[in-house]
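Report on the structure
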Amino acid sequence: MNNQKIAEILNELRERKSLIHNITNEVVTNFTANGLLSLGAAPVMAHAKEEVEDMTSNAQALILNIGTLDENKVKSMVLAGKAANEKGIPVVFDPVGAGATPYRTKVARNMMDKIAVTVLRGNAAEISHMIGQQWEIRGVEAGETGGNKVDLAKNAAKQFNTTVVITGKEDVVSNGTSTYLVENGHEMLSKITGAGCLLSAVIGAFISTEKDLLTGTVAALATYGIAAERAMTRGGEKGPGSFQIEFLNQLNNINSEIIAKHLLVKEV
Ligand code: ATP
Ligand code: TZP
Ligand code: MG
Ligand code: MG
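Residues numbered from 1 in each chain as written. Chains lettered and ligands numbered in written order. Predicted model: local features only at pLDDT ≥ 70, side-chain atom pairs only at ≥ 80, totals over all residues. Heavy atoms only, no water.

For the record, the criterion: UniProt positions are given in the numbering used here, feature names are shortened, and annotations may be inferred rather than shown by experiment.
Going by an unreviewed UniProt entry, the protein carries the name Hydroxyethylthiazole kinase and comes from Salipaludibacillus neizhouensis. Taken directly from UniProt, the Function (unreviewed entry) text for the protein runs: "Catalyzes the phosphorylation of the hydroxyl group of 4-methyl-5-beta-hydroxyethylthiazole (THZ)." According to the UniProt record, the Pathway (unreviewed entry) comment for the protein is "Cofactor biosynthesis; thiamine diphosphate biosynthesis; 4-methyl-5-(2-phosphoethyl)-thiazole from 5-(2-hydroxyethyl)-4-methylthiazole: step 1/1."

Here we look at the site of ligand 1
Quick note on the threshold: Each residue is tested against the molecule or strand, and it is near if at least one of its non-hydrogen atoms lies within 4 Å. N or O atoms closer than or at 3.5 Å make up a polar contact, with two conditions inside protein: a donor-capable atom paired with an acceptor-capable one, and, for residues adjacent in sequence, both atoms drawn from side chains. Exposure was quantified through the Shrake-Rupley algorithm and a 1.4 Å probe, taking into account, for residues, occlusion by the shown protein chains and nothing else. Buried and open spaces are told apart on a 1 Å grid over the protein atoms alone, a cavity being a set of points where a 1.4 Å probe fits but cannot get out and a pocket being an open set with protein on both sides within 12 Å along at least five of seven lines. Residues with an atom within 4 Å of a point are the lining residues. Pocket or cavity membership: a molecule qualifies when more than half of its atoms sit within 2 Å of the grid points of that site.
Taken together, 17 residues lie near ligand 1, and Asn123, Val140, Ala142, Thr167 and Asp171 sit nearest. Interatomic distance of 3.1 Å between a side-chain N/O atom of Arg121 and an oxygen atom of ligand 1. Note that an oxygen atom of ligand 1 is positioned 3.0 Å from one of the backbone N or O atoms of Val140. Burial of ligand 1 by the protein amounts to 86% of the accessible area it has alone, namely 600 Å². In this structure the site holding ligand 1 corresponds to the largest pocket.

Digging into the nonpolar core
Applied cut-off: Residues enter a nonpolar core if they are buried and are Ala, Val, Leu, Ile, Met, Phe, Trp, Tyr or Cys, with the set joined through side-chain atoms within 4.5 Å. Partly exposed describes any residue whose relative accessible area lies between the buried limit of under 20% and the exposed limit of over 50%, with all areas from a 1.4 Å probe on protein chains only and scaled to the type maximum. Elements are defined by DSSP. Helices are runs of H or I of four residues or more, strands are runs of E of two residues or more, and each kind is numbered from the N terminus. We call two residues contacting when some pair of their heavy atoms lies within 4.5 Å.
With 48 residues, the main nonpolar core has Leu39, Val202, Ile203, Phe206, Tyr224, Phe243 and Phe247 as its most contacted residues. Of all the secondary structure elements, the ones that give two or more residues to this core are α1 (3-16), α2 (29-39), β3 (61-65), β10 (179-182), α8 (195-207), α9 (213-231), α10 (240-253) and α11 (256-262). Ranked by residue count, the leading element in this core is α9, at 11 residues. Other than its neighbours up to four places away in sequence, Tyr224 contacts Leu189, Gly194, Ala195, Leu198, Leu199, Val202, Phe247 and Leu251.

Some words on the sheet that holds β3
So the rule is basically this: Two strands qualify as a pair provided DSSP detects at least 2 bridges between them. The axes are straight lines fitted to the C-alpha atoms, using for helices just the contacting stretch, and the angles between their N-to-C directions are given from 0 to 180°.
Strand order in the open sheet formed by 9 strands is β2-β1-β3-β4-β5-β8-β9-β10-β11, with mixed pairing between adjacent strands. Both outer strands of the open sheet, β2 (42-45) and β11 (265-267), are each paired with one neighbouring strand and no more. Each strand of the sheet is rotated relative to its neighbour by a mean of 20°, with strand direction disregarded. Looking at chain direction, strand β1 (residues 19-23) and β3 are connected through 4 bridges and run parallel. Counterpart to Ile20 in the pairing with β3 is Ala61. The strands that helix α7 (residues 149-160) touches are β5 (119-123), β8 (163-167), β9 (171-174) and β10; relative to β8, the one it contacts most, it runs at about 150°.

Describing the pairing of β8
Every other side chain in a regular strand lies on the same face of the sheet, so the side chains alternate between the two faces. Burial analysis of β8 places 5 of its 5 residues in the buried class, the great majority of the element. Residues Thr163, Val165 and Thr167 line one face of β8 and the alternating positions Val164 and Ile166 line the opposite face, and both faces are buried. The pairing of β5 with β8 spans 5 bridges and is classified as parallel. In the sheet register, Gly122 faces β8, and the bridge partner there is Ile166. Where β8 and β9 come together, 3 bridges link them in antiparallel fashion. Of the residues in β9, the one forming a bridge with Val165 is Val173.

Focus: the packing of α2 against α10
As a reminder, the rule being used: Less than a right angle of anticlockwise turn of the near helix away from the far helix marks a crossing as left-handed, whereas a clockwise turn marks it as right-handed. Three categories are distinguished: nonpolar for Ala, Val, Leu, Ile, Met, Phe, Trp, Tyr, Cys and Pro, charged for Asp, Glu, Lys and Arg, and polar for the others, with Gly belonging to the last.
Their axes nearest at 6 Å, the elements α2 and α10 cross at an angle of 35°. The chirality of how α2 crosses α10 is right-handed. Mapping the contact onto sequence places Phe31, Asn34, Gly35, Ser38 and Leu39 in α2 and Gln244, Phe247, Leu248, Leu251 and Asn252 in α10. Grouping the amino acids of the contact of α2 with α10 by side-chain chemistry returns 5 nonpolar, 5 polar and no charged.

Below, the structure written as structure tokens:
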């Protein structure tokens, strides 16, 4: 993975101002929209069953996030997901809290049956519960790591026949055959709500312009992590409140020179 390629994808999504349709949770809606705008994409939030298919059809990526789920939202997600599949629009699925309750786990697994998900992104606990393992989860947060994240990502990618991202201190991306580790990021991201949810939307923005899913996904993770590192030396170190604001600034400011200096990606 080279920094030139990452910069190219970022420039293209900015030029194109990719429209990202989010059906997401009530906690992170505003932060996700602001994060996508800062990066250079165009967010839209819409979840009414009467309009989701039309909205998705006009978008360059669809993000499905079950953070605050209910039956209506789940129905809308399936409708939108099917519309995206028909039109060849990439779908990112964030199974927030899978494993925390049986309902969430069931909905998350059903989603993988009903929709062709392009990229599945979660913390290690969520992904483990999706494939029948039970790593510790507390609400929407992963507990202590319950095993090898590289193996977990590979297994999930094979089982679902898709690209899987597991985030945490290091991020793992696997399609079951090739696997990458992205070491950019900062633990302050775990002190603000929605860091994972916004990342899922950012992955959608990157794969809206890059058809090679491993490349697009790794590019998204590295860009996001480097923006967080930069935020921590420009005011974010004061605490989570300042960090959240400065992180948005750095998603806006990040460019090819900054990426070239800080990129930490390896194939494993
Ligand atoms: P959780 O609720 O368990 O925190 P999440 O859905 O919020 O899960 P994270 O795993 O926190 O998602 O990942 C969101 C972003 O935060 C990713 O870019 C990840 O690399 C980064 N991140 C999380 N924890 C750390 C850490 N300890 N060090 C560096 N980066 C981190
Ligand atoms: N509760 C339901 S959804 C949500 C919370 C706290 C936000 C989760 O965001 P993230 O990105 O997984 O930390
Ligand atoms: Mg987090
Ligand atoms: Mg999450």
